[in-house]
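Letter by letter, the chains look like this.
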Amino acid sequence: MGNIMKSLMAFVLLLVAIIAVFAKPNNDREFILKFGFQPLSTLSLLSEKAQGTNASQDTKLGISAGLEYFQYLNNVVALGLGAIYDFPRDTNNTNENVSFMPLFVALKLRTPLHGLDNTFMFCSGRLGGSIPMLTNLLDGATQKIGLYYGAGLGFSINFLVIEAIYAINNFSISLPNNSETIDANCQTITLYAGFKFE
């Protein structure tokens with residue numbers, strides 16, 4: 001499933017690059033400051049030494065904040081950059097907590113409603129890197145940045161932006177003395193409310 005998502009994102013980025021070459025320049029741009037909560041988040045750890053054992057557990061309610069900048073290539077397609085900070089949240093039944101900081105490029109496709117420039121629906125995609133910040137790991141364990149990707153749906157009304165995003169933060173944990181590297185990911189659904197500045 002992960003390889004399919006990566007291939008799809010690569011195809012979408014290639015398509016956007018082709019559109020960008022032929023698109024008519026557009027002065028429309030957005031800077032978005034957003035805040036959200038994560039009603040659903042699941043942390044999964046895959047151990048190679050334990051014959052592919054996959055330990056998954058849900059985390060408690062999370063809070064997230066971020067910013068994005070988009071430049072429209074035409075009336076429909078926009079490219080952007082973004083950064084999100086997922087505040088620390090506890091995992092269920094353990095004393096660990098998890099936090100991430102994804103940095104990404106983004107693609108946005110909005111409905112081309114002429115005369116309603118500030119009111120539209122949109123879908124978005126993200127691709128980048130995720131910096132993990134887990135606490136209470138074993139002494140000497142290190143965390144490594146992994147691939148971040150996600151997709152969302154939302155709508156914009158004047159300066160208000162509402163969006164739901166499904167995202168995956170991939171990362172790895174190297175145990176002391178190189179005894180093992182654990183591949184991991186955290187899947188989240190985040191509901192955002194944001195303010196748009198043009």
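Criteria and thresholds
- Residues numbered from 1 in each chain as written.
- Predicted model: local features only at pLDDT ≥ 70, side-chain atom pairs only at ≥ 80, totals over all residues.
- Heavy atoms only, no water.
- Helix = DSSP H or I, 4+ residues; strand = E, 2+ residues; numbered from the N terminus.
- Contact = heavy atoms within 4.5 Å.
- Pairing = 2+ DSSP bridges.
- Polar contact = N/O pair within 3.5 Å; in protein donor to acceptor, adjacent residues only side chain to side chain.
- Patch = residues over 30% accessible without salt bridge, like charges linked within 9 Å, V, L, I, M, F, W, Y side chains within 5 Å.
- Areas by Shrake-Rupley, 256 points an atom, 1.4 Å probe, with all protein chains shown as cover.
- Salt bridge = Lys/Arg side-chain N within 4 Å of Asp/Glu carboxyl O.
- Phe/Tyr/Trp six-rings, centres within 6.5 Å; stacked < 30°, edge-to-face > 60°.
- Buried < 20%, exposed > 50% of the residue type's maximum accessible area, 1.4 Å probe, protein only.
- Lys NZ or Arg CZ within 6 Å of the ring centre and 35° of its normal.

Looking now at the environment of isoleucine 157. Checked against the element boundaries, isoleucine 157 lands in strand β7 (residues 142–157). Put simply, isoleucine 157 and threonine 119 are 38 residues apart on the chain and 4.5 Å apart in space, counted from C-alpha to C-alpha. Setting aside chain neighbours within four positions, we find isoleucine 157 in contact with Asn118 and Thr119.

Note: strand β5 (residues 97–110) against strand β6 (residues 119–132), 11 bridges, orientation antiparallel. Bridging from a neighbouring strand, phenylalanine 104 pairs with glycine 128 of β6. Both β6 and β7 contribute to a ladder of 12 bridges, which runs antiparallel. From the neighbouring strand, arginine 126 faces β7, where its bridge partner is glycine 150.

The topology assignment puts lysine 34 in strand β1 (residues 29–47). Separated by 3.2 Å, the side chains of lysine 34 and glutamate 68 make a polar contact.

Take a nonpolar patch on the surface next. Side chains of Phe31, Leu33, Phe35, Leu67, Tyr69, Phe195 and Phe197 sit close together on the surface and give an oily, nonpolar patch of about 640 Å² of accessible area. Sorting the residues of the nonpolar patch by element identifies β1, β3 (62–72) and β9 (181–197) as the ones contributing at least two each. The leading source of residues in the nonpolar patch is β1, at 3 residues. Positionally, phenylalanine 35 belongs in strand β1.

The subject of this paragraph is the packing of aromatic side chains. Counted by the stated rule, this structure contains 5 aromatic pairs. Look at phenylalanine 31 and phenylalanine 197: their rings are 6.4 Å apart centre to centre, the planes differ by 40 degrees, and that puts the pair in the tilted class. Here the residue phenylalanine 31 occupies a position in strand β1, and phenylalanine 197 occupies one in strand β9, the gap between them amounting to 166 residues. You can call phenylalanine 31 partly exposed: its relative accessible area is 34%. By relative accessible area, phenylalanine 197 is classed as partly exposed at 46%. Where phenylalanine 100 meets phenylalanine 171, the ring centres are 5.4 Å apart and the plane angle is 55 degrees; that geometry is what we call tilted. A residue pair is termed long-range when its members are at least 10 positions apart, and phenylalanine 100 in strand β5 and phenylalanine 171 in strand β8 (residues 160–174) qualify at 71 residues. What makes phenylalanine 171 buried here is its relative accessible area of 5%. The ring centre of tyrosine 72 lies 3.8 Å from the NZ or CZ of arginine 110, which sits over that ring. Note that arginine 110 overlies the ring of phenylalanine 120, its terminal NZ or CZ placed 5.1 Å from the centroid.

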